[in-house]
Amino acid sequence: MRNSVYLRRHWQLYSLLLLPVIYFIIFKYGPMYGVQIAFKDFNFFQGIGGSKWVGLDVFREVFQNNNFFKALRNTLMLNLLDLIVSFPAPLILAIMLYELRITWFKKLAQTILYVPHFISWVIIGGIVLQVFGTQSGFINNLLAGMGLDAIPFLSDKNYWLVTYLLIGVWQSAGWGTILYLAALTGINKELFEAAEVDGASRFKKILHISLPGIKTTIATLLIINLGNMISIGFDRPFIIGNVAVRDYSEVLSTFVYRVGIESGQISLATAVGLFQALVGLIFLLASNYASKKLADESIL
Amino acid sequence: MSERAANRIFDVFNILLITFVVILCLMPFIHIIAISLSSSRPIMAGLVSFFPREISFEAYTQVFSDMSMIRSLGFTIFLTILATALSMAMTIAVAYSLSKRDLRGRKWFMLIIVVTMFFSGGLIPDYILVRNLHLLDTVWALVLPGLISPFYMIILISFLNGIPKSLEEAAEIDGTTHLGTLFRIILPLSLPALATLSLFYAVGRWNGFQDALMYINNTDLYPLQLKLYQMIQNNQVSDLMQQEGLGMNKLMPESLKAASVIFTTLPILIVYPFLQRYFISGMMVGAVKG
C-alpha cells in the first residue's frame with residue numbers, strides 16, 4: 001500500500017500517538033539533554049546550554065567525595081539486606097495461603113495482607129514513629145512497663161537498620177505473594193492428585209510439587225531484584241531515616257536530593273545521578289538478559 | 001497417625017499461623033486508631049495499646065476544623081482526579097495505537113518509549129526541566145512529569161491484544177473508523193483493565209510525595225502527603241531534641257498526629273475493598289507479559 005493511502009486510512013492511529021510521543025520527548029528525553037550539566041559548571045543564569053564545559057572535573061569531584069561512597073555503600077547494603085530479609089517472606093506466605101482450604105478466610109487474609117502496599121511511606125513514617133519512637137513509642141512504653149530500658153529503634157544506626165528492614169517486610173510481604181500465587185495456581189492439579197494417591201504428606205507435596213512448580217518464578221524475581229541493586233526508592237530511606245542515623249540511611253537517591261536541591265550543587269548531584277543511571281542500566285540489561293535466558297530454558 | 005489427622009493438624013497450624021501474620025499486619029493500624037481516639041492523659045502515661053482509653057473525638061474535631069487540612073484534602077482529591085483522568089486518556093491513546101501489530105513504524109514508537117524504562121536523566125535534570133518550563137509551584141508539576149507509565153502502557157497493550165481481532169475486523173468492514181472502534185468496542189470490553197490502571201495511577205498520585213517535596217513551595221498547593229510529612233517531621237525533630245536534652249518544644253499531641261495519619265489514609269482504605277478484585281486480575285495480566 002502506498003504511504004499516502006495508508007496514512008489516509010490510518011491517520012487516526014497516528015494522531016492518537018501524537019500527544020504521548022510529545023510527552024515522552026519533552027519529559028523523558030528533555031532531562032536526558034540536561035544530563036550534559038554533569039560535564040559543565042552549571043548555573044541557572046547561563047542555563048544548560050550556556051554553562052561552561054569542564055570535562056570530567058565534576059566526576060573527579062564525585063569520586064573524591066566520601067559522602068558519595070557512603071551513599072553508594074548504603075544503597076548496596078540496604079538493598080542486599082532487604083533482599084535477604086524480604087525476599088523469602090512472600091514466598092513462604094504464598095505457599096501458606098495456597099494451602100488454605102477455607103476460601104472466605106483466604107480471601108480475607110489476602111485483602112488484609114495487601115493493604116500495607118497501598119499505604120504511602122509518609123503515612124508509614126507516621127505510624128513508625130508512634131510504634132518505635134524512643135520517647136513515647138508503643139514498644140518502648142511496653143518495655144518501660146516491664147521495667148526495661150528504652151531501645152533507640154530510630155536513633156541508633158544499628159537498631160535503625162533492623163527497624164528499616166522489618167518495616168520493609170511488613171510493607172511488601174503481602175503484595176509480593178500475588179505473583180507466586182498466580183504461579184502456584186498454574187501448576188497442573190493432576191500432580192497433586194497423583195501424589196495423594198501415593199500417600200505423600202502435605203509437606204512432601206509442598207517440597208516436591210509446589211516449590212519446583214514455581215522455581216522459574218522465584219528465579220526470575222530474584223534476578224529482577226538483583227538487577228535493581230543500585231536503584232533505590234527515595235521515599236522509604238528519606239522518610240524512615242533521620243539525622244541521627246544518616247550514616248546508614250543516606251543512600252544515592254537521598255544524597256542526590258540533598259546535594260542538588262537542598263545545597264544547590266547542581267552539577268555534582270547530576271553527575272551522581274548519571275553514574276547511578278549508567279551502572280543501573282548495566283545491571284538492568286544483565287538481569288534482563290539472564291531472565292530471558294532463564295525463560296527460554298524453562299520452555300525447553 | 002492417620003493421614004486425615006495429619007492433614008487436620010497441618011490445616012489448623014496453617015490457619016493459626018496466617019491468623020497471627022494477619023494480626024501482626026493490622027496491629028500498627030489498630031494502635032494508631034486507638035491513639036487517635038484516646039485523650040492525652042492515658043497516652044502520655046503509655047496506657048494505650050490496642051483499645052482507646054478515655055475515648056475522645058477531640059483530635060478528629062481538631063483535624064476537621066483545621067481549614068488548611070481541609071483545603072489540602074480538597075486539593076489532593078482534585079489533583080488525583082485530574083492526574084488519573086489525563087494519564088488514563090494518554091495511556092489508552094498510546095496503547096490502542098501500539099496494540100495494532102501491523103501499524104507502520106510501530107517498532108520505532110515502542111523503542112522510543114521502552115528506552116525510557118531503562119535510562120532516565122535523573123532527579124536534577126528533571127527538576128531543571130520542570131523549572132525551565134515554569135511549572136514549579138503549579139499543579140502541572142505534579143501531573144505532567146509522570147503522565148504516562150510505560151509499564152502500565154505495556155499492561156494495557158497486552159490486555160488489548162487478548163481481545164479477539166475478529167470483533168475489530170467486523171467493525172472495520174462496517175466502515176467504522178479507528179476512533180469509533182476504540183470507543184464503541186474496545187473500551188467497553190476493557191473495563192476491568194481500565195479500572196485496575198486507574199486505581200494504580202490514582203493510588204500512586206495520592207501517595208506521591210517526592211515530586212511535591214521538590215516542586216511545590218506554596219503551601220496552598222501542598223498535597224496531603226507533604227502536609228502530613230511536615231507535621232510529623234517537625235515533631236520528630238523535637239522528639240530527638242528532647243531525647244538529647246536539647247529542647248523542650250511543645251510536642252503536638254500524639255492523638256492529633258494519629259488522627260491526621262488516619263485522615264490521610266482513609267480515602268484509600270475506603271476505595272480499596274471495592275476495587276481489589278480488579279487490580280489482582282490486572283497484576284496477573286502484567287505478570288504474564290513480564
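Because the structure is a prediction, the values reported are computed rather than measured.

About the cut-offs
- Residues numbered from 1 in each chain as written.
- Chains lettered and ligands numbered in written order.
- Predicted model: local features only at pLDDT ≥ 70, side-chain atom pairs only at ≥ 80, totals over all residues.
- Heavy atoms only, no water.
- Helix = DSSP H or I, 4+ residues; strand = E, 2+ residues; numbered from the N terminus.
- Rg over C-alpha atoms; globule rule 2.2 N^0.38 Å.
- Buried < 20%, exposed > 50% of the residue type's maximum accessible area, 1.4 Å probe, protein only.
- Contact = heavy atoms within 4.5 Å.
- Areas by Shrake-Rupley, 256 points an atom, 1.4 Å probe, with all protein chains shown as cover.
- Lys, Arg positive; Asp, Glu negative; His and termini not counted.
- Charge placed at Lys NZ, Arg CZ, Asp CG, Glu CD.
- Salt bridge = Lys/Arg side-chain N within 4 Å of Asp/Glu carboxyl O.
- Buried area = accessible area lost by both parts, 1.4 Å probe.
- Polar contact = N/O pair within 3.5 Å; in protein donor to acceptor, adjacent residues only side chain to side chain.
- Core = buried A, V, L, I, M, F, W, Y, C linked by side-chain atoms within 4.5 Å.
- Domains from an automatic or database assignment.
- Nonpolar A, V, L, I, M, F, W, Y, C, P; charged D, E, K, R; others polar.
- pLDDT = per-residue confidence, 0-100.
- UniProt positions renumbered as here; feature names shortened; annotations may be inferred.
- Phe/Tyr/Trp six-rings, centres within 6.5 Å; stacked < 30°, edge-to-face > 60°.
- Lys NZ or Arg CZ within 6 Å of the ring centre and 35° of its normal.

*Asks:* Just give me the short version of the overall build of chain A, but keep the residues and values in it.
*Replies:* Tallying secondary structure elements over chain A gives 16 helices and two strands in all. Its C-alpha radius of gyration of 25 Å places chain A more than 25% over the 19 Å reference for a compact globule of 300 residues. Considered along the principal axes of its C-alpha atoms, chain A spans approximately 80 × 75 × 30 Å. The burial tally for chain A puts 51% of its 300 residues in the buried class. A fraction of 66% describes how many contacts in chain A between residues 6 or more apart in sequence connect residues 24 or more apart. For chain A, the exposed surface amounts to about 14500 Å²; the carbon and sulfur share of it is 65%. Each charge class in chain A was averaged separately, 23 positive and 17 negative side chains, and the resulting centres sit 9 Å apart.

*Asks:* Give a detailed account of the pattern of salt bridges, specifying residues and quantitative values.
*Replies:* Within this structure, the stated rule accounts for 13 salt bridges over all chains. Ionic pairing is found between aspartate 247 of chain A and lysine 157 of chain A, a salt bridge with its closest N-O pair at 3.1 Å. A residue pair is termed long-range when its members are at least 10 positions apart, and aspartate 247 of chain A in helix H14 (residues 246–249) and lysine 157 of chain A in helix H9 (residues 157–185) qualify at 90 residues. Connected via shared salt-bridge partners are Glu99, Arg101 and Arg202 of chain A together with Asp11 of chain B.

*Asks:* Quick one: what's the story with the interface of chain B and chain A, residue by residue and with numbers?
*Replies:* Between chain B and chain A, the contact holds 97 residues from the first and 90 residues from the second. Each partner contributes to the roughly 8600 Å² buried at the junction of chain B and chain A, and carbon and sulfur atoms together form 76% of this total. Three residues, Arg104, Phe118 and Phe119 of chain B, lead the burial of chain B against chain A; their summed loss comes to 8% of the area buried on that side. For the interface between chain B and chain A, the tally reads one salt bridge. Note that aspartate 11 of chain B and arginine 202 of chain A form a salt bridge whose closest N and O atoms lie 2.7 Å from each other. Counting every contact that joins chain B to chain A gives 19 residue pairs in polar contact (both at pLDDT 80 or more). In terms of residue count, the dominant contributor to the side of chain B that touches chain A is helix H1 (residues 3–36) of chain B (19 residues).

*Asks:* Would you mind going over the nonpolar core in detail, with residue names and values included?
*Replies:* Counting 182 residues, the largest nonpolar core has Trp160 of chain A together with Leu98 and Phe209 of chain B as its most contacted members. Counting residues per element, this core draws most heavily on H9 of chain A, at 14 residues. Counting contributing residues per domain, this core is built from domain 1 (1–56) and domain 2 (62–282) of chain B, each supplying no fewer than three.

*Asks:* Describe the domain arrangement of chain B, with residues and values.
*Replies:* By a widely used convention, the size of an interface equals the accessible area lost when the partners come together. All names here are of chain B. Domain boundaries assigned for chain B yield domain 1 (1–56) and domain 2 (62–282). Computed from C-alpha atoms alone, the centre-to-centre distance between domain 1 and domain 2 is 32 Å. Listed per partner, the contact involves six residues of domain 1 and six residues of domain 2. Viewed at the interface, domain 2 and domain 1 are joined by zero salt bridges. One can count zero residue pairs in polar contact (both at pLDDT 80 or more) joining domain 1 with domain 2. Among the elements that line the side of domain 1 that touches domain 2, the one with the most residues is H1, at four residues. Residue composition of the side of domain 1 that touches domain 2, grouped by class: four nonpolar, two polar and no charged.

*Asks:* Can you lay out the side chain of serine 99 of chain B for me, pointing to particular residues and giving the numbers?
*Replies:* Residues and elements named next belong to chain B. The topology assignment puts serine 99 in the loop between helix H4 (67–98) and helix H5 (106–118). Overall, serine 99 belongs to the buried group, its relative accessible area being 5%. Setting aside chain neighbours within four positions, we find serine 99 in contact with Ile157, Leu160, Asn161 and Lys165.

*Asks:* I'd like to hear about the confidence of the model for chain A, residue by residue, with values.
*Replies:* As a note on interpretation, predicted positions should not be read in detail where pLDDT is low. Mean pLDDT over chain A works out to 90, with 98% of the residues at or above the 70 mark. Per-element confidence in chain A is highest for helix H4 (residues 66–86) of chain A, whose mean pLDDT is 95, and lowest for helix H2 (residues 47–50) of chain A, whose mean pLDDT is 84.

*Asks:* Outline the UniProt feature "transmembrane region" (unreviewed entry) in chain A, supporting the account with residue identities and numerical values.
*Replies:* In the numbering adopted here, UniProt assigns the feature "transmembrane region" (unreviewed entry) to residues 12–30, 76–98, 118–139, 159–185, 206–227 and 266–286 of chain A. Annotated as residues 76–98 of chain A, this span is 96% helix and 0% strand, and its ends, taken at the C-alpha atoms, are 33 Å apart.

*Asks:* Account for the packing of aromatic side chains, with residues named and values stated.
*Replies:* Summed over all chains, the structure comprises 33 aromatic pairs over all chains. Their ring planes at 80° and their centres at 5.8 Å tell us that phenylalanine 63 of chain A and phenylalanine 68 of chain A sit as a pair that is edge-to-face. With a relative accessible area of 1%, phenylalanine 68 of chain A lands in the buried category. Here the aromatic rings of phenylalanine 234 of chain A and phenylalanine 238 of chain A are separated by 4.6 Å at their centres, their planes lie at 20°, and the arrangement is stacked. Across this residue pair, the class does not change: phenylalanine 234 of chain A and phenylalanine 238 of chain A are buried. Taken together through their ring pairs, the aromatic side chains of Tyr114, Phe118 and Trp175 of chain A together with Phe151, Tyr152, Phe200, Tyr201 and Tyr272 of chain B make up a single cluster. If you follow arginine 236 of chain A out to its NZ or CZ, it ends over the ring of tyrosine 164 of chain A, 3.8 Å from the centre. The positively charged end of arginine 131 of chain B is found above the aromatic ring belonging to phenylalanine 44 of chain A, 3.8 Å away from the centroid.

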